[in-house]
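Below are the chains, spelled out letter by letter.
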Amino acid sequence: MFQVNNFYDNSNMICINQTGQYKVFEHQRDLSVSPYNAETAYFSAEMNVKRRQVLVELNNTGCTVQAGAMQWMLGNVQMSSGVTGVGNFLGKMVKGAVTGETAAKPEYTGQGLLMLEPTYKHIIIVDVSQWGQIVLEDGLFLACDSHLQHKVIARSNVSSAVLGGEGLFNLSLMGQGLAVLESPVPQQELVMFNLQDDVVKIDGNQAIAWSGSLEFTVEKSTKSLIGSAISKEGFVNVYRGTGSILMAPTA
């Protein structure tokens, strides 16, 4: 039995989203300031530059977290490294090296509370089952339900990595459950494209997540190099097929 004071009833910490076992808290103002940075803290709060934290309320459930993201845990909560042996560790090391993610992601199970470290990024919670398979931009993953499957997706061609700015490999998630992502922009600015045997072309790597069913290539913005040079667009990222794309247009 435990009790937490000055947390759920803290007027400076507002729960802005609750989905499944996840609650997203937003610190309205940075109260730990000195006279030297008070002006910066004030205008940061006014411009929505705020610290946000994810609380996981475990109820005999599990959560996989980016390594180093845990701030505190309370109750009957057990942590495992997510590594089952030497071979498994080496495999995770390779995955981490090619995706830019941590090699091993700790898993927390049991009944209690798990609070993640504060971040200035915006917290997005997605239902992975609605995507079938969701491919994530590097650094987007924060946490997910522990029963979701993790997989490394390789580019189908070199051009998509060399010219698209997305890298050769990306982390993808599959299964029934929720994933918590750190977005560079708030939910209100994210644009979602839902394709049905269609195509979308994006100038730059503003797509932060997309369905694994889509084909990703990099192509000239026009049919000729001269035309691309004249239009000043050059190469664009192209997503074809059936699926969804989450884009951060202001990032």
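Residues numbered from 1 in each chain as written. Predicted model: local features only at pLDDT ≥ 70, side-chain atom pairs only at ≥ 80, totals over all residues. Heavy atoms only, no water.

**Quick word on the overall build of the chain**
Spelled out, the test is: Numbered from the N terminus, helices here are DSSP runs of H or I no shorter than four residues, and strands are runs of E no shorter than two. Note on classification: 1.4 Å probe, protein chains only; a residue is buried when its accessible area is under 20% of the maximum for its type, exposed when over 50%, partly exposed between these limits. Any pair of residues with heavy atoms lying within 4.5 Å of one another is described as a contacting pair. We get accessible surface area from the Shrake-Rupley algorithm with a probe of 1.4 Å; when it comes to residues, only the shown protein chains can shield them.
A count of helical and extended segments in the chain gives four helices and 15 strands. When the 251 residues of the chain are sorted by exposure, 41% land in the buried category. Pairs at least 24 residues apart make up 77% of the contacts formed inside the chain by residues separated by at least 6 positions. Carbon and sulfur atoms provide 54% of the accessible area of the chain, an area that totals close to 13100 Å².

**What to know about the state of the cysteines**
The test is simple: Only a pair of cysteine sulfur atoms within 2.5 Å qualifies as a disulfide here.
Applying the stated criterion across every chain yields a total of zero disulfides. The structure places no disulfide on Cys63, whose sulfur is separated from the nearest cysteine sulfur, that of Cys144, by 6.7 Å. Under the relative-accessibility criterion, Cys63 is labelled buried at 0%. A relative accessible area of 0% means that Cys144 is categorised as buried.

**Thoughts on the nonpolar core**
Definition in use: Remark: nonpolar core denotes a set of buried residues (Ala, Val, Leu, Ile, Met, Phe, Trp, Tyr, Cys) joined through side-chain atoms within 4.5 Å.
Among the nonpolar cores identified, the biggest contains 20 residues, and Ile134 and Leu136 are the most heavily contacted of them. Of all the secondary structure elements, the ones that give two or more residues to this core are strand E6 (122–127), strand E7 (133–136), strand E8 (141–145), strand E10 (169–174), strand E11 (178–183) and strand E13 (207–211). With 18 residues, the next largest nonpolar core counts Val24, Leu116, Ile125 and Leu178 among its residues.

**Quick word on the side chain of Thr64**
You can see Thr64 is positioned in strand E3 (residues 52–65). Since its relative accessible area comes to 3%, Thr64 is described here as buried.

**Structural notes on the packing of aromatic side chains**
Counted only if it meets this: Pairing of aromatic rings covers Phe, Tyr and Trp, the last counted by its six-membered ring, and requires centre-to-centre distances within 6.5 Å; plane angles under 30 degrees mean stacked, over 60 mean edge-to-face, and any other angle means tilted.
Taken as a whole and assessed by the stated rule, the structure comprises eight aromatic pairs. Seen in terms of ring centroids, Tyr8 and Phe25 are 6.4 Å apart; in terms of plane orientation they differ by 65 degrees. Their pairing is edge-to-face. With Tyr8 in the segment before strand E1 (13–19) and Phe25 in strand E2 (residues 22–27), the pair connects residues that are 17 residues apart, well separated along the chain. The exposure class of Tyr8 is partly exposed, given its relative accessible area of 41%. The class for Phe25 is buried, based on a relative accessible area of 2%. Arranged with centres 4.8 Å apart and planes meeting at 20 degrees, the rings of Phe216 and Tyr239 form a pair that is stacked. Placement of Phe216 in strand E14 (residues 215–220) and of Tyr239 in strand E15 (residues 235–247) is noted, with a sequence separation of 23 residues between them. With respect to class, Phe216 is no different from Tyr239; both count as buried.

**Remarks on the pattern of salt bridges**
Put simply, the test is: The term salt bridge refers to a side-chain nitrogen of Lys or Arg lying within 4 Å of a carboxyl oxygen of Asp or Glu.
As enumerated under the stated definition, the model contains six salt bridges in all. Taking the shortest distance from any N to any O, the salt bridge between Lys50 and Glu26 comes out at 3.8 Å. Placement of the pair is Lys50 in the loop between helix H1 (38–46) and E3 and Glu26 in strand E2, with a sequence separation of 24 residues. The pair formed by Lys50 and Glu26 is uniform in burial state, with each residue classed as buried. Here Glu219 ties to Arg240 by a salt bridge, and the two come within 2.5 Å at their closest N and O atoms. You can see Glu219 sitting in strand E14 and its partner Arg240 sitting in strand E15, a full 21 residues away along the chain.

**Examining the environment of Ala69**
Within the secondary structure, Ala69 is located in the loop between E3 and strand E4 (70–80). Dropping the residues within four chain positions of it, Ala69 is found in contact with Met115, Leu116, Glu117 and Leu142.

**Focus on the confidence of the model for the chain**
Inclusion rule: Confidence of the prediction at every residue is given by pLDDT, a number between 0 and 100.
Confidence in the prediction of the chain, expressed as mean pLDDT, is 86, and 81% of residues score 70 or more. Predicted confidence for residues 225–232 stays below pLDDT 50, and this span has ten contacts to residues more than four positions away or in other chains.

**Let's talk about unusual backbone geometry**
In this model, Asn48 sits at a positive phi of 65 degrees, which is unusual for a non-glycine residue. With a phi close to 50 degrees, Asp197 is a non-glycine residue in the positive phi region. Secondary-structure assignment places Asp197 in strand E12 (residues 191–202). Look at Asp197 and you get exposed, because its relative accessible area is 65%.

**Re a nonpolar patch on the surface**
Formally: In this analysis, a patch consists of residues with relative accessible area above 30% that form no salt bridge, clustered at 9 Å for like charges and at 5 Å for the nonpolar side chains Val, Leu, Ile, Met, Phe, Trp and Tyr.
The grouping of Met47, Val49 and Tyr120 at the surface amounts to a nonpolar patch, some 330 Å² of accessible area in total. Residue placement: Met47 occurs in the loop between H1 and E3.

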